[in-house]
Structures are given as C-alpha cells and as structure tokens.
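# Tertiary structure, described
Below are the chains, spelled out letter by letter.
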Amino acid sequence: MKRVREVSPFIVMLVLVAVLWEAATTYLNIPHYIIPKLSDVFQSIWDNRGLLTKHVGVTLGESLLGLAFSIVFGVLAAVWIEASGLAQKTLYPLIIASQSVPIIALSPIMVMWFGYEIWSKVAVVILFTFFPVAVNTADGFRSADPGIGEVLRTMGAGRRQLFLKWKLPSALPGFFTGLKLSATYSVGGATLGEWLGGESGLGVYTKRASNMLRGDAVFSGVLLLAALGMLMFAAAHLLGRICLAKRRERT
C-alpha cells in the first residue's frame, strides 16, 4: 500500500494530462499534424506495433551499449583522477571544459569517423553519458570521510585496502547518481545519432513520420522514447537501491 500511495500522484497526473490532451485536440479542432489526438497516437502504436518493436530494440541496444562504455571509461577516469594529483589538475578540468562544447556540434564528427553503422550512435551516446558518470564518481571519491581513512591506516590498511574499504564504498552514491542521469541521457543520445544518420531506431522512425506529416506516428515515437528513458532511469535507480542496501548491511 505504501508504494501505491507513492506512485498514485504520478498516475493521477498522467491520467489528467491524457484527459486534457484528448479533450483539447477534440474540441479545439487542432490539426492532426500539429498535435494529434492521444487516442490516435495509441492507435498508431497498436497498428505499427511490429515495426515499433524493431525500432525500440535498436534504440535500446544502442543506449545500453553506449552506457556500458561510459560506465567503464567514466569509472576508470574517476579512479585515475583520484589516484593521480596530475590527473586531478589536468584531466578533471578537461572533462569539465568539454561540456562547454555543444554535443550536437560534435555528433556529426562521430558520424564522419564511424560511418552510419551502430558505432556512430554508440559514440554519440558516450558523448551524452560519460560526463555524469565520471564527474559524480570522482566527486564521490573526494567525499570519503577522512576520519575513516585515518582509522584504517592505524589498523595497517594498505593502499589497495583503503581504496576497496574506504574510497570505493564512499563513491557508490555519487556513481549511482551519475548512472541515473546517464541512463536517461543515453536514449536522447541514441536518438540524435539516428537522426544524423541511421536506417533504424525510434529516431529514424520519428524523422520519417515527420517528413510525411504523420503527427500520430511522430508522437507515438516520442511517447515510446519517453517511456524508454523512464525505464532506463528506473532500472538504474533500482540497481542503486539494491547495491547501496547491501553496502549498508555489510557496514
């Protein structure tokens, strides 16, 4: 019952938005290519369920693959920043400065380098998702309680034990914060990569539907992208809760 009460406001809001959407498009006679009826959007999803399933699978695969690379590269970068004073003075500011360059401006370069295959989309996803993982994990390392470190040192803990028993557990909350952000951004990165050059995926589907002024198909793709982003966030959130709960049990 507690979880039902927690999600009930969100469900009520969704129902209210759906009712207002359907009523507004029906009684205001809004053209279907601007804002279609919500019922038409759902009908489009049902009518094209086979094709949409294929496109959802492609976008999900690109998102997960790019996110996996970002987790590996981001954590390694954070560990290097924590272990090396030189990396903290050079790599960390460089990562921060990289965000001043619009990702959409770098995305065509990824297509030029990797072509129109899956790797160009994966590269764009990495551009979107590397920063939150690397920066939040590095900040998590720096947030470690120095008192715990001193206690472990007096007990004879070496550098490896300090990292595994002190630094790494302290960085987990920051890592999962970055992971939740990156999981959501990954869907947008994959979609942008598909827009710039692709043959399949929800980005390609919505782009083709837009060219044909099929508002119902465009909005169906957008709704599925939103649902996919929420699903990725929920999965990262659940994984974080499980891992952090196990960490608390061990301590």
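Rules of the game
Residues numbered from 1 in each chain as written. Predicted model: local features only at pLDDT ≥ 70, side-chain atom pairs only at ≥ 80, totals over all residues. Heavy atoms only, no water. UniProt positions renumbered as here; feature names shortened; annotations may be inferred. Helix = DSSP H or I, 4+ residues; strand = E, 2+ residues; numbered from the N terminus. Buried < 20%, exposed > 50% of the residue type's maximum accessible area, 1.4 Å probe, protein only. Contact = heavy atoms within 4.5 Å. Expected span 1.5 Å × (residues − 1). Bend = angle between axes of the 7 residues up to and from the residue. pLDDT = per-residue confidence, 0-100. Salt bridge = Lys/Arg side-chain N within 4 Å of Asp/Glu carboxyl O. Phe/Tyr/Trp six-rings, centres within 6.5 Å; stacked < 30°, edge-to-face > 60°. Lys NZ or Arg CZ within 6 Å of the ring centre and 35° of its normal. Polar contact = N/O pair within 3.5 Å; in protein donor to acceptor, adjacent residues only side chain to side chain. Axes fitted to C-alpha atoms, helices over the stretch in contact; angles between N-to-C directions. Parallel < 35°, antiparallel > 145°, perpendicular 65-115°, else oblique. Left-handed = near helix turned anticlockwise from the far one by under 90°. Nonpolar A, V, L, I, M, F, W, Y, C, P; charged D, E, K, R; others polar.

## A few points about the UniProt feature "transmembrane region" (unreviewed entry) in the protein chain
Taking the UniProt record as the reference, the feature "transmembrane region" (unreviewed entry) is found at residues 12-35, 55-79, 91-116 and 217-240. Along residues 55-79, the helical share is 100% and the strand share 0%, with 36 Å between the first and last C-alpha atoms.

## Comments concerning unusual backbone geometry
Excluding glycine, residues mostly have negative phi values, and the peptide bonds linking residues are mostly trans. Positive phi is not limited to glycine here, since Asn29 has a value of about 55°. Assignment of secondary structure puts Asn29 in the loop between α1 (2-27) and α2 (38-47). The class of Asn29 is exposed, set by a relative accessible area of 65%. One non-glycine residue, Leu213, adopts positive backbone phi at about 55°. Looking at the element boundaries, Leu213 is found in the loop between α9 (202-211) and α10 (215-250). We classify Leu213 as exposed; its relative accessible area is 55%.

## Some points on the environment of Val218
Mapping Val218 onto the fold places it in helix α10. In contact with Val218, other than residues within four places in its own chain, are Thr206, Ala209 and Ser210.

## Considering helix α8 (residues 159-196)
At 3.6 residues per turn, the α-helix brings residues three or four places apart onto the same side. For α8, built from 38 residues, the straight-helix expectation of 56 Å at 1.5 Å per residue is missed by more than 12%, its first-to-last C-alpha distance being only 46 Å. Largest kink in α8: about 40°, centred on Leu172, with the proline Pro173 one to four residues after it.

## Observations regarding the confidence of the model for the protein chain
Across the protein chain, pLDDT averages 88, with 96% of residues at or above 70. Looking across the protein chain, the model is least confident in helix α7 (residues 146-154), with a mean pLDDT of 78, and most confident in helix α3 (residues 49-83), with 94.

## What about the pattern of salt bridges?
What the rule picks out here adds up to 2 salt bridges. Here Lys167 makes a salt bridge to Glu82, at a shortest N to O gap of 2.8 Å. With Lys167 in helix α8 and Glu82 in helix α3, the pair connects residues that are 85 residues apart, well separated along the chain. Assessed through its relative accessible area of 15%, Lys167 is described here as buried. Notably, a salt bridge pairs Arg142 with Asp139, separated by 2.4 Å at the nearest N-O pair. In this pair, Arg142 and Asp139 are both assigned in helix α6 (residues 118-142), 3 residues apart and thus about one turn of the helix distant. On the accessibility criterion, Arg142 (38% relative accessible area) is partly exposed. Accessibility expressed as a relative area gives 32% for Asp139, which makes it partly exposed.

## Some words on the packing of aromatic side chains
For the structure on display, the rule yields 4 aromatic pairs. With a centroid separation of 6.2 Å and 70° between ring planes, the pair formed by Phe69 and Trp119 is classed as edge-to-face. You can see Phe69 sitting in helix α3 and its partner Trp119 sitting in helix α6, a full 50 residues away along the chain. In textbook terms, an aromatic cluster arises when at least three aromatic residues are bridged by ring pairs, as seen for Phe69, Phe73 and Trp119. The cationic tip of Arg49 hangs over the ring face of Trp46; the distance from NZ or CZ to the ring centre is 3.9 Å. Note that Arg142 overlies the ring of Tyr92, its terminal NZ or CZ placed 4.7 Å from the centroid.

## Describing the side chain of Ser170
Mapped onto the elements of the fold, Ser170 is located in helix α8. Of the polar contacts made by the side chain of Ser170, one reaches the backbone oxygen of Trp166; its length is 2.8 Å.

## What to know about the packing of α7 against α8
α8 packs onto α7 with a crossing angle of 150° between their chain directions and a minimal axis gap of 10 Å. Our classification of the angle between α7 and α8 gives roughly antiparallel. Judged by the sense of rotation from one axis to the other, the crossing of α7 with α8 is right-handed. For the pair α7 and α8, the contacting residues are Pro146, Ile148, Gly149, Leu152 and Arg153 in the first and Leu162, Lys165 and Trp166 in the second. The residue makeup of the contact of α7 with α8, split by class, is 5 nonpolar, 1 polar and 2 charged.

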